[in-house]
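Below are the chains, spelled out letter by letter.
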Amino acid sequence: MSLLDVQGLDAGYGDLQILTDVDLHVDEEEYVTIVGPNGAGKSTMMKSVFGLTTHMDGTVTFAGEDITAAQPEDIIHKGMGYVPQSDNVFAGLSVQENLEMGAYILDDVPQDALQDVYNRFPILEERNDQKAGTMSGGQQQMLAMGRALMLDPDLLLLDEPSAGLAPDLVDEMFDKIDEINESGTAILMVEQNAKEALRRCDRGYVLANGENRFVDSGTTLLNDEEVRREFLGG
């Protein structure tokens, strides 16, 4: 069953249109990746789903409800989490305070959700009193994902989760994302490491110049000669 359905989306920033007639869908518990060259509109697509761009045309439906004109604070209530590429932690707050901020829409911090995050990312529990801004890039990324998971979203949006990570941490980050998906959370991810992302996901979209170019299973896109030549470096 479709959880997220985007139809004919035109969007951008102010008068600047970035996306043109883009279609995309994510089924329940599915793992979907958006890849493409720099400037293709990948991050704009993610932001548009979460209500952070200027909507020009088309529709965005989540869990059967039209959220095209919804604000991010309303979308969070409906069961969607979003982890931006950068500036995604409160640097001056501790790890635990960051995680508690993830549950700000609730009257009380759900202790079971907090423990679930700590179980998933043990390093965060070890450093729960540490200021987020003093942590490594990989640890901050885990913290940002953990904060988004505090409300147990049905869909988690991840924008370039491996960006800036040391090579030996990239696989660990992807493994964590696999685990989140396997636990029942649908994933929609924009990722610069296109080959690895397509290798792991259920389905992939290739965007170019703000438009859909290809959509298929991750494996099929990896093995498509045109996709490999034009977008994956051969």
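Before reading on, note that the structure itself is shown above.
The following refers to the structure shown. As the structure is a computational prediction, the values presented were derived from the model and not from experiment.

## Let's talk about the overall build of the protein chain
Here comes step 1: Check the secondary structure of the protein chain and you find ten helices and ten strands.
Here comes step 2: Expressed as lengths along the three principal axes of its C-alpha atoms, the size of the protein chain is roughly 50 × 40 × 35 Å.
Here comes step 3: Considering the protein chain as a whole, with its 234 residues, one finds that 49% of them fall into the buried category.
Here comes step 4: Within the protein chain, contacts between residues at least 6 apart in sequence are counted, and of these 67% link residues at least 24 apart.
Here comes step 5: Accessible area for the protein chain stands at about 10700 Å²; split by element, carbon and sulfur atoms hold 42% of it.
Here comes step 6: Where the 15 positive side-chain charges of the protein chain centre and where its 44 negative ones centre are 8 Å apart.

## Points about the packing of aromatic side chains
Here comes step 1: Under the counting rule described, the total for this entry stands at two aromatic pairs.
Here comes step 2: Consider the rings of phenylalanine 50 and tyrosine 82, whose centres lie 5.0 Å apart with planes at 35°: the pair is tilted. Of this pair, phenylalanine 50 sits in the loop between α1 (42-49) and β4 (54-62) while tyrosine 82 sits in strand β6 (residues 80-83), placing them 32 residues apart in sequence. The two residues phenylalanine 50 and tyrosine 82 agree in class, both being buried.
Here comes step 3: Aromatic side chains phenylalanine 214 and phenylalanine 231 sit 6.2 Å apart centroid to centroid with 75° between the ring planes, which places their arrangement in the edge-to-face category. One end of the pair, phenylalanine 214, is in strand β10 (residues 211-217); the other, phenylalanine 231, is in helix α10 (residues 225-231), with 17 residues separating them in the sequence.

## Some words on helix α4 (residues 111-120)
Here comes step 1: Regarding α4, the residues found buried are Ala113, Leu114, Val117 and Tyr118. Within α4, the buried residues cover an arc of 140° as seen down the axis, which keeps them to one side. Across from the buried face of α4, at angles greater than 90 degrees, the exposed residues are Gln111, Asp112, Asp116 and Asn119.
Here comes step 2: The elements touched by buried residues of α4 are α3 (95-101), α5 (122-126) and α6 (137-149).

## A few points about the pattern of salt bridges
Here comes step 1: Using the criterion set out here, one finds eight salt bridges in the structure.
Here comes step 2: The residue glutamate 230 makes a salt bridge to arginine 213 at a minimum N-O spacing of 3.3 Å. Pair noted here: glutamate 230 is in helix α10 and arginine 213 is in strand β10, with a separation of 17 residues, a long-range link.
Here comes step 3: One salt-bridge network, held together by shared partners, links Asp175, Asp178, Glu196, Arg199 and Arg200.

## Regarding the side chain of asparagine 98
Here comes step 1: Looking at the secondary structure, you find asparagine 98 in helix α3.
Here comes step 2: Since its relative accessible area comes to 0%, asparagine 98 is described here as buried.
Here comes step 3: Here the side chain of asparagine 98 touches arginine 147 through a polar contact of 3.3 Å, side chain to side chain.
Here comes step 4: In contact with asparagine 98, other than residues within four places in its own chain, are Val89, Phe90, Leu93, Ala132, Leu143 and Arg147.

## What about the sheet that holds strand β5 (residues 65-66)?
Here comes step 1: Pairing is antiparallel across the open sheet formed by four strands, whose spatial order is β2-β1-β4-β5. One side of each edge strand has no neighbouring strand; the edge strands of this open sheet are β2 (16-27) and β5.
Here comes step 2: Its contacts with the sheet place α1 against β1 (2-13), β2 and β4, and it is angled at close to 115° to β1.

## Quick look at the sheet that holds β6
Here comes step 1: If you trace the six strands from one edge of the open sheet to the other, you get β6-β7-β8-β3-β9-β10, paired in mixed fashion. Two strands bound the open sheet, and with one partner strand each, they are β6 and β10. The sheet shows a mean angle of 15° between the axes of neighbouring strands, direction not considered.
Here comes step 2: Lying over the sheet, α6 contacts β6 and β7 (155-159), oriented at roughly 165° with respect to β6.

## Observations regarding the environment of lysine 176
Here comes step 1: Tracing the backbone shows lysine 176 in helix α7 (residues 167-182).
Here comes step 2: When its relative accessible area of 13% is taken as the criterion, lysine 176 is described as buried.
Here comes step 3: Remark: the alpha-carbon pair of lysine 176 and methionine 142, spanning 34 residues in sequence, is separated by 8.5 Å.
Here comes step 4: Apart from residues no more than four positions distant in its own chain, lysine 176 is found in contact with Arg120, Phe121 and Pro122.

Cut-offs applied
Once a new chain begins, its residue numbering starts again from 1 and follows that chain's sequence as written. This being a predicted model, a pLDDT of at least 70 is required before a residue's local features are given, and a value of 80 or more before pairs of side-chain atoms are given or counted; all residues contribute to the totals for chains, interfaces and linings. Derived side-chain values reflect all non-hydrogen atoms in the structure, with water molecules and hydrogen atoms excluded from consideration. Strands here are runs of E lasting at least two residues and helices are runs of H or I lasting at least four, both read from the DSSP assignment and numbered beginning at the N terminus. Partly exposed residues are those whose accessible area sits between 20% and 50% of the maximum for their type, while under 20% is buried and over 50% is exposed, using a 1.4 Å probe and protein chains only. In this analysis, two residues are considered to be in contact whenever any of their non-hydrogen atoms come within 4.5 Å of each other. A 1.4 Å probe and the Shrake-Rupley method give the accessible areas. Residues count as covered only by the protein chains that appear here. When charges are counted, Lys and Arg contribute as positive and Asp and Glu as negative, whereas His and the chain ends are disregarded. Lys charges are placed at NZ, Arg charges at CZ, Asp charges at CG and Glu charges at CD. Aromatic contacts are taken between Phe, Tyr and Trp rings whose centres are within 6.5 Å, Trp giving its six-membered ring; a plane angle under 30 degrees counts as stacked, one over 60 as edge-to-face, and the others as tilted. This arc is built from the directions going out from the helix axis to the C-beta atoms. We count a salt bridge whenever a side-chain nitrogen from Lys or Arg sits within 4 Å of a carboxyl oxygen from Asp or Glu. Identification of polar contacts relies on pairs of N or O atoms within 3.5 Å, with a donor-acceptor requirement for protein atoms, meaning one able to donate a hydrogen and the other able to accept it, and with residues adjacent in sequence counted only if both atoms are side-chain atoms. Should DSSP find at least two bridges between two strands, the strands are taken to pair. Interaxial angle, 0 to 180 degrees, is taken between N-to-C directions of lines fitted to C-alpha atoms, where a helix line uses only the stretch in contact.

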